[in-house]
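Per-entry structural report
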Amino acid sequence: MSASVNQPRSRADAKVMSRYGLLQSFVPKLKKEEAVIGGIGWTNFDLWAVGHRPQNFYMLGSMGLAIPIAHGVAIAQPQRKVFALEGDGSLLMELSVLATVGARAPKNLAIIVMDNGGYQITGGQVAASEVGTDLVDVARACGIKQSSWAADEAHFDELVDRALTEDGPWLIGCHIDNAKPVATTERDPGLIRDRFMRGLGVKK
Ligand SMILES: Cc1ncc(C[n+]2csc(CCOP(=O)(O)OP(=O)(O)O)c2C)c(N)n1
């Protein structure tokens with residue numbers, strides 16, 4: 001993948017960044033009713049904290065489902081850009097989804113992995129992403145060619161801008177710190193589903 005800055009070779013080479021800070025920069029870039037599916041864990045809490053949009057869905061309860069849900073939305077609505085925000089622990093739980101995305105290769109799907117090296121919401125247990133598994137390498141090996149660690153905040157912005165305007169699928173790995181989220185998502189699954197369906201125009 002061509003890029004204007006040197007791509008980090010691994011997670012260890014990427015700057016440790018703030019999830020909330022990255023999402024504060026990401027959300028205002030969404031001007032075309034792009035869908036965003038936030039995974040269980042602190043990732044969807046900070047998505048909520050930055051500001052709810054009708055096209056946001058917040059996964060509660062099950063790990064590993066942000067990317068499968070986003071993949072389904074991307075296939076159902078090919079004109080819409082769809083982003084999955086997933087934690088490293090949750091992606092490790094459902095790692096096979098990267099093979100499915102690589103094989104199906106939806107052009108309108110982008111995955112952002114918030115990799116803090118652990119299962120923070122349940123107490124900070126260390127995950128394999130901290131001690132051996134490089135999730136960007138796994139994505140590339142699954143055929144998601146446009147996979148990169150974000151070197152720093154400016155590179156993250158550049159990768160998101162490209163994902164918004166160029167064909168994917170994309171995977172953007174973010175090496176983040178283990179700061180707590182700024183707020184807690186409203187826990188009302190029926191309301192979350194209903195608002196999302198209306199936000200995508202599939203329910204009146
Ligand atoms: C199938 C399943 N196993 C375990 C849990 C308990 N659980 C909920 S969130 C979580 C950790 C999520 O880690 P990660 O996706 O890395 O997000 P972080 O909390 O680090 O932001 C765990 C173990 C669950 N909800 N579902």
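What this report covers is the structure whose coordinates are included nearby. (Residues numbered from 1 in each chain as written. Predicted model: local features only at pLDDT ≥ 70, side-chain atom pairs only at ≥ 80, totals over all residues. Heavy atoms only, no water.)

**Brief notes about the overall build of the chain**
Here is the rule: Runs of H or I in DSSP of at least four residues are treated as helices and runs of E of at least two as strands, each being numbered from the N terminus. Two residues form a contact once any of their heavy atoms are found within 4.5 Å. For this count, His and the chain ends are skipped, Lys and Arg are scored as positive, and Asp and Glu as negative. Every charge is mapped to an atom, namely NZ of Lys, CZ of Arg, CG of Asp or CD of Glu.
Along its length, the chain carries eight helices and eight strands. Projecting the C-alpha coordinates of the chain onto the three principal axes gives extents of approximately 45 × 35 × 30 Å. For the chain, the share of sequence-separated contacts (at least 6 apart) that also reach a separation of at least 24 residues comes to 73%. Across the chain, the centroid of the 22 positively charged side chains sits 7 Å from that of the 22 negatively charged ones.

**Looking at the sheet that holds strand β4 (residues 109–115)**
For clarity, the cut-off: Only when DSSP finds a minimum of two bridges between them are two strands counted as paired. To obtain an axis, a line is fitted to C-alpha atoms, over the contacting stretch when the element is a helix, and the angle between two such axes runs from 0 to 180 degrees between their N-to-C directions.
Pairing within the open sheet is parallel, and its six strands lie in the order β2-β1-β3-β4-β8-β7. Since the sheet does not close on itself, it has two edges, and those belong to β2 (56–58) and β7 (146–149), each with one partner. Going from strand to strand, the sheet's axes swing by 15° on average, the running direction of each strand aside. For strand β3 (residues 82–87) and β4, the ladder comprises six bridges, and the chain directions are parallel. The residue of β4 that forms the bridge with Ala84 is Ile111. Sitting on the sheet, helix α1 (residues 19–26) is in contact with β1 (35–38), β3, β4 and β8 (170–175), with an inclination near 155° to β4. Helix-sheet contacts for helix α2 (residues 42–50) involve β1, β2, β3 and β4, and the interaxial angle to β2 is about 145°.

**Thoughts on unusual backbone geometry**
The phi torsion of most residues other than glycine is negative, and most of the peptide bonds are trans. Counted only if it meets this: Each residue is assigned to one of three classes by its accessible area relative to the maximum for its type, calculated with a 1.4 Å probe on protein chains only: buried under 20%, partly exposed between the two thresholds, exposed over 50%.
In this structure, the amide linkage connecting Gly168 to the following residue, Pro169, adopts the cis form with an omega of 10°. The topology assignment puts Pro169 in the loop between α7 (153–165) and β8. Although it is not a glycine, Glu33 adopts a positive phi angle of roughly 55°. Positionally, Glu33 belongs in the loop between α1 and β1. By relative accessible area, which is 47% here, Glu33 ends up partly exposed. With a phi close to 50°, Ala105 is a non-glycine residue in the positive phi region. With respect to the element layout, Ala105 can be found in the loop between α5 (97–104) and β4.

**Things to note about the nonpolar core**
The test is simple: Among the buried residues, those of types Ala, Val, Leu, Ile, Met, Phe, Trp, Tyr and Cys that are joined through side-chain atoms within 4.5 Å form a nonpolar core.
Ranked by internal contacts, the top residues of the largest apolar core, which has 55 residues, are Phe26, Phe83, Ile112 and Phe156. In terms of residues, this core owes the most to one element, β4, which gives six residues. When sequence neighbours within four positions are dropped, the list of residues in contact with Phe26 reads Val36, Phe83, Leu85, Ile112, Phe156 and Val160.

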